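Chains, contacts and geometry: an overview
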Amino acid sequence: MPVEAYRTWSVQSRPDKRVKSVCERVRCAAWRSGWESVIDESTPLGQEQAKFIRGSRRTFKEQKTAAGLTVFRFESGQRCFADHQTMPELYLVRGGDYRAKVGEVRVHKNSTDWVEHVQQHMGLLLDERDKG
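Now for a quick tour of the structure. Predicted, not measured: the structure shown is a model, and the values here were computed from it. (Residues numbered from 1 in each chain as written. Predicted model: local features only at pLDDT ≥ 70, side-chain atom pairs only at ≥ 80, totals over all residues. Heavy atoms only, no water.)

1. Examining the nonpolar core
The cut-off we apply is this: Working definition of a nonpolar core: buried Ala, Val, Leu, Ile, Met, Phe, Trp, Tyr and Cys residues. They are joined through side-chain atoms within 4.5 Å. Note on classification: 1.4 Å probe, protein chains only; a residue is buried when its accessible area is under 20% of the maximum for its type, exposed when over 50%, partly exposed between these limits. Secondary structure elements are taken from DSSP: a helix is a run of H or I of four residues or more, a strand is a run of E of two residues or more, and numbering for both begins at the N terminus. In what follows, a contact means two residues having at least one pair of non-hydrogen atoms within 4.5 Å.
Residues C23, C28, A30, W35, I39, A50, I53, F72, F74 and C80 constitute the largest nonpolar core, which totals 10 residues. When residues of this core are traced back to their parent elements, those giving at least two are β3 (35–39), α3 (44–54) and β5 (70–74). Ignoring anything within four residues of it in the chain, the contact list for C80 reads C23, C28, A30, W35 and R58.

2. A few points about the sheet that holds strand β1 (residues 7–13)
The strands that make up a sheet pair up through hydrogen bonds in the backbone, lying either parallel or antiparallel. What counts is decided by this rule: For two strands to pair, DSSP has to find at least two bridges joining them. Note on method: axes are straight lines fitted to C-alpha atoms, helices fitted across the in-contact stretch only, with angles between N-to-C directions ranging 0 to 180 degrees.
With respect to topology, 3 strands assemble into an open sheet ordered β1-β7-β8, the strand pairing being antiparallel. Every interior strand has two partners, whereas the edge strands, β1 and β8 (100–108), have only one. Sheet twist, expressed as the mean angle between neighbouring strand axes with direction ignored, is 30°. With 7 bridges connecting them, β1 and strand β7 (residues 89–97) associate as antiparallel partners. Paired with S10 across the strands is L92, a residue of β7. Lying over the sheet, helix α4 (residues 111–131) contacts β1, β7 and β8, oriented at roughly 165° with respect to β1.

3. Considering the packing of aromatic side chains
For the record, the criterion: Pairing of aromatic side chains here covers Phe, Tyr and the six-membered ring of Trp, requires ring centres within 6.5 Å, and sorts the geometry by plane angle: under 30 degrees stacked, over 60 edge-to-face, intermediate tilted.
Inspection of the entire model under this criterion finds 7 aromatic pairs. Between F60 and F74, the ring centres sit 5.6 Å apart and the planes meet at 55°, which makes this aromatic pair tilted. Pair noted here: F60 is in strand β4 (residues 60–64) and F74 is in strand β5, with a separation of 14 residues, a long-range link. Taken together through their ring pairs, the aromatic side chains of W35, F52, F60, F72, F74 and F81 make up a single cluster.

4. As for the environment of F81
With respect to the helices and strands, the residue F81 is situated in the loop between β5 and β6 (84–86). The spatial distance from the C-alpha of F81 to the C-alpha of I53 is 9.3 Å, given a sequence separation of 28 residues.

5. Side note on the pattern of salt bridges
Worth spelling out the cut-off: Criterion for a salt bridge: a side-chain nitrogen of Lys or Arg within 4 Å of a carboxyl oxygen of Asp or Glu.
Counted under the stated rule, the structure contains 8 salt bridges. The closest approach of N and O atoms between E62 and R54, which form a salt bridge, is 2.5 Å. Across the pair R99 and D97 runs a salt bridge, and its minimum N-O distance is 2.8 Å. Under the relative-accessibility criterion, R99 is labelled partly exposed at 44%. On the basis of relative accessibility, which here comes to 10%, the residue D97 falls in the buried class. Through salt bridges with shared partners, a single ionic network connects E41, R54, E62 and K64.

6. Considering the sheet that holds β4
The strand order β3-β5-β4 describes an open sheet built from 3 strands, whose pairing is antiparallel. In the strand order of this sheet, the two ends are held by β3 and β4, each with one partner. Neighbour-to-neighbour, the strand axes of the sheet open up by a mean angle of 20°, direction not taken into account. Inspection of the sheet shows β4 paired to β5 by 5 bridges, in the antiparallel sense. Considered in β5, the bridge of E62 is made with F72.

Here is the structure:
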């Protein structure tokens, strides 16, 4: 078939470009399962860390260990304290195949829209196949 009869679906990212991202997007284990921070408040650093945690607006339970350490247990589903980075993805649809690009390139804003577009297109192809 001619190159114009094809459509190419691709997901691309630039390995040289990183952006700050949220826990949920990078599938952070702390976000998914919760986490504990054990702080020694007998030191100036520990006192600052505990003050930061208490003012962080995150949901946690606080308890003391026999050794006098403070344990902060954070619930899942909330942002952790790490700075996550990810490479942004581009969800592309273009006319043509490996031989040539034909027409405009469509860039979807997110993966959900791209997947929906793929499914709609596959539905059309299956309808054409069933017609014979």
